[in-house]
Amino acid sequence: MEPIQTVKGFRDFFPEECAVRNYIFDTWRSVARRYGFMEYEGPVLENTDLFRKKSGDEITSQLFCFTTQGKDDVSLRPEVTPSLARMATARQRDFKKPIKWFQIGSCFRYEAPQAGRTREFVQFNADILGDASPATDAELIAMAIDVMREFGVSSEDFEIRLSNREIWNGFLAQFNITAEHTPTFLQIIDKIERARSEETEKKLNGIGLTLADVRTFMASADENHPAFAALRENLTARGIWQHVRIDATIVRGLAYYTGTVFEVFDRKHGLRAVAGGGRYDKLCSLMSDGKVDMPAAGFAMGDVVLKLLLEKTPGAQMKLTCALLAASSIDAYVVVVDEAQRPHALAAVQALRAAGIRIDYSFGAQKAGKQFQAAEDRKARFAIVFGAEYPEVVIKNLLARSQSSVPVTGLVEEVQRLLAEPAIGPLIA
RNA sequence: GUGGCCGUAGUUCAACGGUAGAGCCCCAGAUUGUGAUUCUGGUUGUUGCGGGUUCGAGUCCCGUCGGUCACCCCA
């Protein structure tokens, strides 16, 4: 029998990776709460029609889909926005506007895995529904910026690339290009920096435009363009406009975006976009068959590219390492030198844990040397030694290499007191 | 979906077409007066899988699965 491996593009999370994941989730969650967002969650499995409705039939080639025993055509969600649109429109009258919701959960896309792309990934989604003002867009961009800064990624390492689909609509109207050519056109713009000029020229000519027209227009679409005025004023007031760069080539694929669009990019490593989002004012109406017409905007950040960026950015790497250490270490390791004292040691373990102190110990008789080594391996701050001196117990500070003795009756209080002191030890810099 | 590179011990990697090895990890023991050292010993492989060429294949060829990178796509 061959060993059964993980499904292509899916991942195991061993404790070390799981700790990274938790750190990322915790950071997302804390920033979202700071912005007054409420957490929600939808089902991982949806009727395939939900995704067809939003994106059309051709998208189903990248869905993990199957038919259930009950003959239901279902798919693992490739994104969360359709579920959000259903949830928000179904009960929109129950919620005061604007609705500010966030979500963290796995999504699945049947694509070729490569750098920064897996078939299973986790997205952080933040959306604001029921408010069409640029203040909403600004709030989302500010949050995206703060998420990056919270991870220790500075303006040297990332930027927000901002655009607005309206400016392209204006451009197309100016040249009398009909709406049917809009998707084709946006796709050309999306690739304009990567494709060869001759190719782009040819494609543009096909819909009645020239590369020169587009280039001229792009040069004029800077931060002084009226489409960005309100956003610029808002983000300048917050003191974070310097993170933003206008980039007219940002159009966000063929999706449902109607106005502001933006992506978070790293500036040094040529990674894929870390996050992306924008305004999608028509989606709720589409998903509710016109019953609920609610403006909306949001963004999504994936865990895969983000993790790559954190590992490549020194400041972020340091924060990550500290968080991992804090998550994996324990407060104290109970060393049983004299097996006759094990019942007393177990009683102490129980009492210390009840007080919220993180404790580990050896399950069976082991030489003191082994036990101290285990304490080292677990990155314990203290060793609590149960030996012949009982009921006196020795507390050793493993970093400072100092020690004190305390009657077992006062052990919990003494350990709490010691833990409250700042840790002395080699700096993790 | 297309193409490049790669699959050898738990892990990181060696091995000219000629008997599959090392470091680390892990486990046990010794020493270190109740800790970071040192020493000794030990487990582990149908060389991803299946075919082919050859006297002989980890090595060459084909297929397949997986990994990785790029293209396509990126909700």
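For clarity, every value in this text was computed on a predicted model and none was experimentally measured.

Considering the overall build of chain A
- Of regular secondary structure, chain A possesses 15 helices and 16 strands.
- Since a compact globule built from 429 residues should have a radius of gyration of about 22 Å, the 28 Å found for chain A marks it as more spread out than a globular shape.
- Projected onto the principal axes, the alpha-carbon positions of chain A cover approximately 95 × 55 × 50 Å.
- In chain A, buried positions account for 47% of the 429 residues.

Structural notes on the sheet that holds strand 15 (residues 392-397)
- Across the sheet, which stays open at both edges, the 5 strands sit in the order 13-12-14-15-16 with mixed pairing between neighbours. In this open sheet, the two strands that pair with only one neighbour each are strand 13 (359-361) and strand 16 (402-407). Strand after strand, the sheet turns through a mean of 25 degrees between neighbouring axes, direction not considered.
- For strand 14 (residues 382-386) and strand 15, the ladder comprises 4 bridges, and the chain directions are antiparallel. Directly across from Phe382, in strand 15, lies its bridge partner Asn397.
- Contacts from helix 14 (residues 368-377) reach strand 12 (332-336), strand 14 and strand 15, with the element oriented near 170 degrees to strand 12.

A few points about the environment of Pro226
- Structurally, the position occupied by Pro226 is in the loop between helix 8 (211-220) and helix 9 (229-237).
- We classify Pro226 as exposed; its relative accessible area is 64%.
- For the pair formed by Pro226 and Ile167, sequence separation is 59 residues and the distance between their alpha carbons is 9.3 Å.

Some thoughts on helix 12 (residues 314-328)
- Between the first and last C-alpha of helix 12 there are 21 Å, a value that for 15 residues agrees with the 21 Å anticipated at 1.5 Å per step.
- Turning to helix 12, its buried residues are Ala316, Leu320 and Leu324. With its buried residues spanning 70 degrees around the axis, helix 12 presents them on a single face.
- Looking at the buried side of helix 12, the elements it contacts are helix 1 (15-34) and helix 11 (303-312).

Regarding the nonpolar core
- In this structure, Trp28, Phe124, Trp168, Phe185, Phe299 and Met301 are the most contacted members of the largest nonpolar core, which totals 71 residues.
- By residue number, the principal contributor to this core is helix 4 (residues 134-150), which donates 9 residues.
- Core analysis: the second largest hydrophobic core is formed by 26 residues, Leu50, Trp101, Phe265 and Met287 among them.

Let's talk about the packing of aromatic side chains
- Summed over all chains, the structure comprises 21 aromatic pairs.
- Arranged with centres 5.7 Å apart and planes meeting at 75 degrees, the rings of Tyr361 and Phe363 form a pair that is edge-to-face.
- By relative accessible area, Phe363 is classed as exposed at 73%.
- Through a chain of ring-to-ring contacts, three or more aromatic side chains come together here, namely Phe25, Trp28, Phe102, Phe124, Phe262 and Phe299.
- Over the face of the ring belonging to Phe13 we find Arg21, whose NZ or CZ atom lies 4.3 Å from the ring centre.
- Above the plane of the ring of Phe265 lies Arg161, whose end atom (NZ or CZ) is 3.8 Å from the centre.

Observations regarding the pairing of strand 11 (residues 296-302)
- For strand 11, the tally of buried residues reaches 7 of 7 residues, placing the bulk of the element in the interior.
- The side-chain alternation of strand 11 yields two buried faces, one formed by Ala296, Gly298, Ala300 and Gly302 and the other by Ala297, Phe299 and Met301.
- Note that strand 10 (residues 275-279) and strand 11 share 5 bridges and pair antiparallel. When the bridges of strand 11 are listed, Ala275 appears paired with Met301.

What to know about the protein's contact with RNA strand B
- For RNA strand B, the set of nearby residues contains 34 residues, the closest of which are Glu79, Lys367, Glu376, Glu389 and Arg401.
- Atoms of RNA strand B within 4 Å of the protein belong to the sugar or the phosphate in 46% of instances, the rest to bases.
- Ala115 places a polar main-chain atom, nitrogen or oxygen, 2.8 Å from a phosphate oxygen of RNA strand B.
- Leu398 places a polar main-chain atom, nitrogen or oxygen, 3.2 Å from a base nitrogen of RNA strand B.
- Going through the elements one at a time, helix 6 (182-191), helix 14 and strand 15 are the ones with two or more residues in the surface near RNA strand B.

Topic: the sheet that holds strand 11
- Taken together, 8 strands build an open sheet; the order of strands is 1-5-6-11-10-9-7-8 and the sheet is mixed. A strand with exactly one partner marks an edge of an open sheet, and here the two such strands are strand 1 (38-39) and strand 8 (244-246).
- This element, helix 11, spans strand 6 (120-129), strand 9 (260-266) and strand 11 of the sheet and lies at about 55 degrees to strand 11.

Focus: the state of the cysteines
- According to the stated counting rule, one finds 0 disulfides in the structure shown.
- Free cysteine: Cys65, not disulfide-bonded; nearest cysteine sulfur from Cys107 at 16 Å.

Observations regarding the packing of helix 5 (residues 165-174) against helix 8
- At their nearest, the axes of helix 5 and helix 8 sit 12 Å apart, and the two run at 140 degrees to each other. The orientation of helix 5 relative to helix 8 falls into the category oblique. Between helix 5 and helix 8 lies a crossing of right-handed hand. The residues of helix 8 that touch helix 5, namely those facing Ile167, Trp168 and Phe171, are Asp213, Val214, Phe217 and Met218.

Calculation notes
Residues numbered from 1 in each chain as written. Chains lettered and ligands numbered in written order. Predicted model: local features only at pLDDT ≥ 70, side-chain atom pairs only at ≥ 80, totals over all residues. Heavy atoms only, no water. Helix = DSSP H or I, 4+ residues; strand = E, 2+ residues; numbered from the N terminus. Rg over C-alpha atoms; globule rule 2.2 N^0.38 Å. Buried < 20%, exposed > 50% of the residue type's maximum accessible area, 1.4 Å probe, protein only. Pairing = 2+ DSSP bridges. Axes fitted to C-alpha atoms, helices over the stretch in contact; angles between N-to-C directions. Contact = heavy atoms within 4.5 Å. Expected span 1.5 Å × (residues − 1). Arc of directions from axis to C-beta. Core = buried A, V, L, I, M, F, W, Y, C linked by side-chain atoms within 4.5 Å. Phe/Tyr/Trp six-rings, centres within 6.5 Å; stacked < 30°, edge-to-face > 60°. Lys NZ or Arg CZ within 6 Å of the ring centre and 35° of its normal. Near = heavy atom within 4 Å. Polar contact = N/O pair within 3.5 Å; in protein donor to acceptor, adjacent residues only side chain to side chain. Disulfide = S-S within 2.5 Å. Parallel < 35°, antiparallel > 145°, perpendicular 65-115°, else oblique. Left-handed = near helix turned anticlockwise from the far one by under 90°.

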